[in-house]
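What follows is the residue order along each chain.
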Amino acid sequence: MALYRFKSRQTSDLLMLQATAERVLTLIGKDPSAPGIILHSQIPAAIQTLRDAVAQDEAQRQADTTANQDTDLTQNDDPQPPARDNVSLRVRCAPFIDMLQRCQGAEVDIVWGV
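Parameters at a glance
- Residues numbered from 1 in each chain as written.
- Predicted model: local features only at pLDDT ≥ 70, side-chain atom pairs only at ≥ 80, totals over all residues.
- Heavy atoms only, no water.
- Pairing = 2+ DSSP bridges.
- Helix = DSSP H or I, 4+ residues; strand = E, 2+ residues; numbered from the N terminus.
- Axes fitted to C-alpha atoms, helices over the stretch in contact; angles between N-to-C directions.
- Contact = heavy atoms within 4.5 Å.
- Parallel < 35°, antiparallel > 145°, perpendicular 65-115°, else oblique.
- Nonpolar A, V, L, I, M, F, W, Y, C, P; charged D, E, K, R; others polar.
- Phe/Tyr/Trp six-rings, centres within 6.5 Å; stacked < 30°, edge-to-face > 60°.
- Buried < 20%, exposed > 50% of the residue type's maximum accessible area, 1.4 Å probe, protein only.
- Patch = residues over 30% accessible without salt bridge, like charges linked within 9 Å, V, L, I, M, F, W, Y side chains within 5 Å.
- Areas by Shrake-Rupley, 256 points an atom, 1.4 Å probe, with all protein chains shown as cover.
- Salt bridge = Lys/Arg side-chain N within 4 Å of Asp/Glu carboxyl O.

Undergrad: Is there a simple way to explain the sheet that holds strand E1 (residues 3–7) in this structure?
TA: Hydrogen bonding along the main chain pairs the strands of a sheet, whether they run parallel or antiparallel. Strand order in the open sheet formed by 4 strands is E2-E1-E4-E3, and the pairing between neighbours is antiparallel. Unpaired on one side and paired on the other, strand E2 (14–17) and strand E3 (36–38) mark the two borders of the sheet. Ignoring strand direction, the axes of neighbouring strands in this sheet form an average angle of 25 degrees. Sheet topology places E1 next to E2; 4 bridges connect them, and they run antiparallel. Its bridge partner lying in E2, Arg-5 is registered against Leu-15. Of the strands in this sheet, E1, E2 and strand E4 (110–112) are in contact with helix H1 (residues 18–27), which crosses E2 at around 100 degrees.

Undergrad: Teacher, can you tell me more about the packing of H1 against helix H3 (residues 89–106) here?
TA: Geometrically, a packed helix pair is captured by the angle between its two axes and the distance between the axes. At a minimum axis distance of 11 Å, the contact between H1 and H3 shows a crossing angle of 80 degrees. By the angle between their directions, the pair H1 and H3 is classed as roughly perpendicular. Within the contact between the two elements, H1 uses Thr-20, Arg-23, Val-24 and Leu-27 and H3 uses Leu-89, Arg-92, Cys-93 and Phe-96. The residue makeup of the contact of H1 with H3, split by class, is 5 nonpolar, 1 polar and 2 charged.

Undergrad: For this particular structure, what's the right way to read the packing of aromatic side chains?
TA: The description of an aromatic ring pair uses the distance of the two centres, along with the angle that the planes make with each other. A complete count under the given rule lists 3 aromatic pairs for this structure. Taking the centre distance of 5.9 Å and the plane angle of 55 degrees together, the rings of Phe-6 and Trp-112 count as tilted. Of this pair, Phe-6 sits in strand E1 while Trp-112 sits in strand E4; the two residues are 106 residues apart in sequence, bridging distant segments of the chain. The exposure class of Phe-6 is buried, given its relative accessible area of 0%. Here a set of aromatic residues connected by ring pairs shows up, and it is made of Tyr-4, Phe-6, Phe-96 and Trp-112.

Undergrad: What is the right way to read a nonpolar patch on the surface from this model?
TA: A surface patch of nonpolar side chains, amounting to about 460 Å² of accessible area, comprises Met-1, Leu-3, Leu-15 and Leu-17. Among the structural elements, Leu-15 can be located in strand E2.

Undergrad: Which parts of the structure should I look at to understand the environment of Ile-47?
TA: Structurally, the position occupied by Ile-47 is in helix H2 (residues 43–74). For Ile-47 and Phe-96, which are 49 residues apart along the polypeptide, the C-alpha to C-alpha distance reads 9.1 Å. Look past the residues within four positions of Ile-47 in its chain and what remains in contact with it is Leu-100, Gln-101 and Gln-104.

Undergrad: Help me understand the pattern of salt bridges in this model?
TA: Think of it this way: side chains of opposite charge can pair up when their charged atoms draw near. Scanning the model with the defined rule gives 4 salt bridges in all. The closest approach of N and O atoms between Arg-61 and Asp-57, which form a salt bridge, is 3.1 Å. Taken together, the positions of Arg-61 and Asp-57, both in helix H2 and 4 residues apart, correspond to about one turn of that helix. Asp-57 matches Arg-61 in its accessibility class, with the two residues each being buried. In this structure, Glu-58 engages Arg-90 in a salt bridge whose closest nitrogen and oxygen atoms are separated by 2.4 Å. Of this pair, Glu-58 sits in helix H2 while Arg-90 is found in helix H3, placing the two residues 32 residues apart along the sequence.

Structural data, given as structure tokens:
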């Protein structure tokens, strides 16, 4: 499994598994297939986009939990829970959002693949 290494002059390097890094980069509108940069001027929008995605993921998880509870009450057999990642987007994004916030304050860029 491949790793992505995010670098900045303000923070230590941040390593992410390929699937998570590609999802995060896609969410913020960056091409995960090539080396790239998040300019310090782009950081506020990236933070807000990730926060919005986290809120949407949590709402979907809550809806899925509620739907599963309703299904459990109406069916006697054991329904299979939907295939879902057990680790929330909030947990997966937290280190990256922290890196973004630190870099925003220092007005430095973040790069990967270089």
